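Per-entry structural report
Below, each chain spelled out in residue letters.
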Amino acid sequence: MRKSIKYLLTFVITVIICVFSFILITLIPKDLIKDNMLSSADEMYNLPAFRYFNSYQNGSTLIHNYPDPITFNLTYSLNPRKPVSSMFLTKYYSTNKYIESVNLREKAIHDYDANKEYYRYWHGNIVMVKLLLLIFDYKEILIFLAVVLTVLAVLITYQLFKRDKFLGIIFFISNILVQVYVTFCCLEYIYMFLLSYILALISFKFINAKEENIYCLFIVGGVLANFFDFLTTETLVLMLPFLIIYYFRYKDKKVDKSTFIFFIKSALAFLLSYSLMWILKWLILAIFFKQSPASFLNDHLVERGINENTFKLGFFDSIIINLRQLIPFCFFADIVVIIVSIIYILFLIYNFIRRKFGLYEFILVCISLVPIVRFLVMFMHSYDHYFFTYRALLPSIMIFFIILKIWICNFKKNK
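If you're wondering where the values come from, they're calculated on a predicted model, not measured in any experiment. (Residues numbered from 1 in each chain as written. Predicted model: local features only at pLDDT ≥ 70, side-chain atom pairs only at ≥ 80, totals over all residues. Heavy atoms only, no water.)

1. Considerations on the packing of aromatic side chains
Pairs of aromatic rings are described using the distance from one ring centre to the other and the angle between the two planes. Applying the stated criterion to the full structure yields 45 aromatic pairs. With centroids separated by 6.0 Å and ring planes inclined at 40°, the aromatic side chains of Y215 and F262 adopt a geometry described as tilted. On the criterion of sequence distance, the pair formed by Y215 in helix α10 (residues 211-228) and F262 in helix α12 (residues 257-288) is long-range, its members being 47 residues apart. Neither residue differs from the other here; Y215 and F262 are each classed as buried. Taken together, a centroid distance of 5.5 Å and an interplanar angle of 35° make the contact between W278 and W282 tilted. Here W278 and its partner W282 are both found in helix α12, four residues apart, which amounts to about one turn of the helix. Each member of the pair, W278 together with W282, is buried. The ring centre of F262 lies 5.3 Å from the NZ or CZ of R249, which sits over that ring. (Phe/Tyr/Trp six-rings, centres within 6.5 Å; stacked < 30°, edge-to-face > 60°. Helix = DSSP H or I, 4+ residues; strand = E, 2+ residues; numbered from the N terminus. Buried < 20%, exposed > 50% of the residue type's maximum accessible area, 1.4 Å probe, protein only. Lys NZ or Arg CZ within 6 Å of the ring centre and 35° of its normal.)

2. Points about helix α1 (residues 2-26)
The periodicity of an α-helix, 3.6 residues per turn, causes residues three or four places apart in sequence to face the same way. A rise of 1.5 Å per residue sets the reference length of α1, with its 25 residues, at 36 Å; its end C-alpha atoms lie 36 Å apart and thus fit the reference within 8%. Residues T10, F11, T14, V15, C18, V19, F22, I23, I25 and T26 constitute the buried set of α1. Where α1 is buried, its residues touch α4 (83-89), α6 (125-133), α10 and α12. (Expected span 1.5 Å × (residues − 1). Contact = heavy atoms within 4.5 Å.)

3. Examining the side chain of S273
Relative to the helices and strands, S273 is located in helix α12. Looking at S273, its side chain comes within polar contact range of the main-chain oxygen of A269, at 2.8 Å. Setting aside anything within four residues of it in sequence, one finds S273 in contact with F11, F218, I219, G222, V223 and L268. (Polar contact = N/O pair within 3.5 Å; in protein donor to acceptor, adjacent residues only side chain to side chain.)

4. A closer look at the side chain of N58
You can see N58 is positioned in the loop between β1 (50-52) and β2 (62-64). Looking at N58, its side chain comes within polar contact range of the main-chain oxygen of C330, at 3.4 Å. Ignoring anything within four residues of it in the chain, the contact list for N58 reads Y52 and C330.

5. Description of the packing of helix α7 (residues 138-163) against helix α8 (residues 165-177)
At a minimum axis separation of 5 Å, α7 and α8 run at an interaxial angle of 155°. It follows from the interaxial angle that α7 and α8 lie roughly antiparallel. Where α7 approaches α8, its residues A153, I156, T157, L160, F161 and R163 are matched on the opposing element by K165, L167, G168, I169 and F171. For the contact of α7 with α8, the per-class residue count stands at seven nonpolar, two polar and two charged. (Axes fitted to C-alpha atoms, helices over the stretch in contact; angles between N-to-C directions. Parallel < 35°, antiparallel > 145°, perpendicular 65-115°, else oblique. Nonpolar A, V, L, I, M, F, W, Y, C, P; charged D, E, K, R; others polar.)

6. What to know about the nonpolar core
Among the nonpolar cores identified, the biggest contains 120 residues, and F72, L187, Y197, Y246, L364 and L394 are the most heavily contacted of them. Of all the elements, helix α11 (residues 236-249) adds the most residues to this core, at 12 residues. Excluding its chain neighbours within four sequence positions, the residues that come into contact with L187 are D68, F72, V129, Y138, I141, L142 and L145. (Core = buried A, V, L, I, M, F, W, Y, C linked by side-chain atoms within 4.5 Å.)

7. Things to note about the packing of α12 against helix α17 (residues 359-368)
Axis separation between α12 and α17 bottoms out at 10 Å; the angle between their running directions is 10°. Relative to α17, the element α12 lies roughly parallel. Where α12 abuts α17, its residues K257, T259, F260 and F263 lie against L359, F362, I363, C366 and I367.

8. Quick look at the environment of G222
Along the chain, the position of G222 falls in helix α10. In sequence terms G222 and G358 are 136 residues apart; their C-alpha atoms lie 30 Å from each other. Dropping the residues within four chain positions of it, G222 is found in contact with F270, S273 and Y274.

Right, dumping it as structure tokens:
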């Protein structure tokens, strides 16, 4: 009972902090961000809806410029005189005549009234965006957050390297293989990396903590992931910190069934808090603002989950298209991804059947499958937005190298 109250309080306090931070941000007068908003609108006006990070034009380096103008439009449409309703309803100015970057420019210049709702998400990223707009414009915000993310990545690499040189190296390599530097060019891509890296750094303090405190960490992570994110790489917020905790917590210890339960409970703490945060937004809209959840949920869920288009594609296509974005797979055809995946699966099955791998390795594999499950459940979203969802595989890549190292060490021992 005491633990349940602790978990509930952790959830409630985190939600309250998120909501009040949003309300406070809404109270900031528009005039204070007007100049940077105009500059940002001009910068995004000159960007195409889709572009590539570098010369080899494939999906792995695609930059999706559609959501950022909407975020800035939402930010500038907040009404300081109605902070609560403005925050929950999150309206913005939009027309069917123009793309969103043009709509943003019109909004920035003329400050037209908001006429379109986008309330199915929390849009907590506005808190960060509006604060930064007090100082920077769009391009400067991207540069600033790129520097912050780089510093966080360096700090994580250092902390890992200090404890285990191999893990520090593979974290660095995995960042390259998911081309994390592309996130520097789009705010939509960077939020979950920032959050997951911050929680990863905090997780070093939780390696030897009580399990109930670790569950609280993932409750906070679930709430914040839903608050700040659209739908991008939210599983990173669970996987990266948990991998760090699990790897060092049980590195030299024998694992048993309780360890597997620890993983399941950590995943549930994240999933439930993430889901409840979303449900809370919908309940507030339904109860206080008379918005029917069915009006925005039915199409939203069908469009992004499993629908008739799923069956026109292959059942595993959402997985294959995401795997194919990883270096070096992005330079090859689908068949290469399929062959390598089959070999890896057979390799795992063989080693588990021969008992060369045990429960420790099994839990590692389960952790690595979290984004794969996400690709299947959110099939159409993962398929249509593969150009950013694939980066959720970063911890899975790390686990691949860890498994390989364990196998090589076992092979040398038995030689």
